[in-house]
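# Structure assessment
Given next are the chains, with one letter for each unit.
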Amino acid sequence: MEWNEITEVEEWEAILEKSVDKDQVILKHSTTCPVSFNALDEYNDYLADAPDKNIDYSLVKVRESRPVSNQIEADLGVKHESPQIIYIKNKKAYWNTSHWSVTKAHMKAVID
């Protein structure tokens with residue numbers, strides 16, 4: 001399974017609305033941070049290992065899509081960090097973690 005990149009605020013708003021019917025997972029990724037590249041590898045490893053198909057998976061590049069990243073923070077009330085993973089249900093952050101805690105094992109424990 002692959003993730004979908006969010007680049008526009010309107011795409012984020014659609015994902016937030018969709019979270020009422022289908023859970024959403026978003027990775028906030030910095031393209032200039034080594035810790036973030038590690039988190040992206042962990043996210044990709046998780047997605048390569050038969051994740052829950054009833055969930056949509058997305059990625060926001062925080063430097064390139066700052067307005068999207070800021071809107072996610074405002075809508076969910078989750079302080080921005082990078083890297084950061086956020087699991088969304090019913091327009092609310094169900095779980096989030098950041099930095100070195102973004103691991104395949106941690107995702108499997110919470111999401112699966």
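For the structure given in this document, a descriptive report is provided here.

Each value, and the rule that gives it
- Residues numbered from 1 in each chain as written.
- Predicted model: local features only at pLDDT ≥ 70, side-chain atom pairs only at ≥ 80, totals over all residues.
- Heavy atoms only, no water.
- Phe/Tyr/Trp six-rings, centres within 6.5 Å; stacked < 30°, edge-to-face > 60°.
- Lys NZ or Arg CZ within 6 Å of the ring centre and 35° of its normal.
- Buried < 20%, exposed > 50% of the residue type's maximum accessible area, 1.4 Å probe, protein only.
- Helix = DSSP H or I, 4+ residues; strand = E, 2+ residues; numbered from the N terminus.
- Pairing = 2+ DSSP bridges.
- Right-handed = clockwise from strand over helix to strand, strands pointing away.
- Contact = heavy atoms within 4.5 Å.
- Axes fitted to C-alpha atoms, helices over the stretch in contact; angles between N-to-C directions.

With that settled, the discussion passes to the packing of aromatic side chains. Enumeration according to the criterion identifies 2 aromatic pairs in this entry. Ring centres of Tyr87 and Tyr94 lie 5.2 Å apart, and the angle between their planes is 80°; on these two criteria the pair is classed as edge-to-face. Seen from the ring of Tyr94, Lys89 lies directly overhead, with NZ or CZ sitting 4.3 Å from the centre.

Along any regular strand, the residues point their side chains to alternate faces of the sheet. Counting buried positions over the 7 residues of strand β3 (residues 55-61) gives 6, a clear majority of the element. Relative to β3, strand β1 (residues 4-5) runs parallel, the two sharing 2 bridges. Counted as the bridge partner of Glu5 is Leu59 from β3. For strand β2 (residues 23-29) and β3, the ladder comprises 7 bridges, and the chain directions are parallel. Its bridge partner lying in β3, Ile26 is registered against Ser58. Running through helix α2 (residues 34-48), the crossover from β2 to the neighbouring parallel element β3 is right-handed.

By definition, the strands of a sheet pair up through backbone hydrogen bonds, in either a parallel or an antiparallel sense. Overall, mixed pairing links the 5 strands, which are arranged β1-β3-β2-β4-β5 in an open sheet. The open sheet terminates on both sides in strands that have one partner only, identified here as β1 and β5 (92-98). Where helix α1 (residues 9-18) meets the sheet, it contacts β1, β2, β3 and β4 (84-89), and its direction lies at approximately 145° from that of β2. Its contacts with the sheet put helix α4 (residues 104-111) on β2, β3, β4 and β5, and the angle it makes with β5 is roughly 160°.

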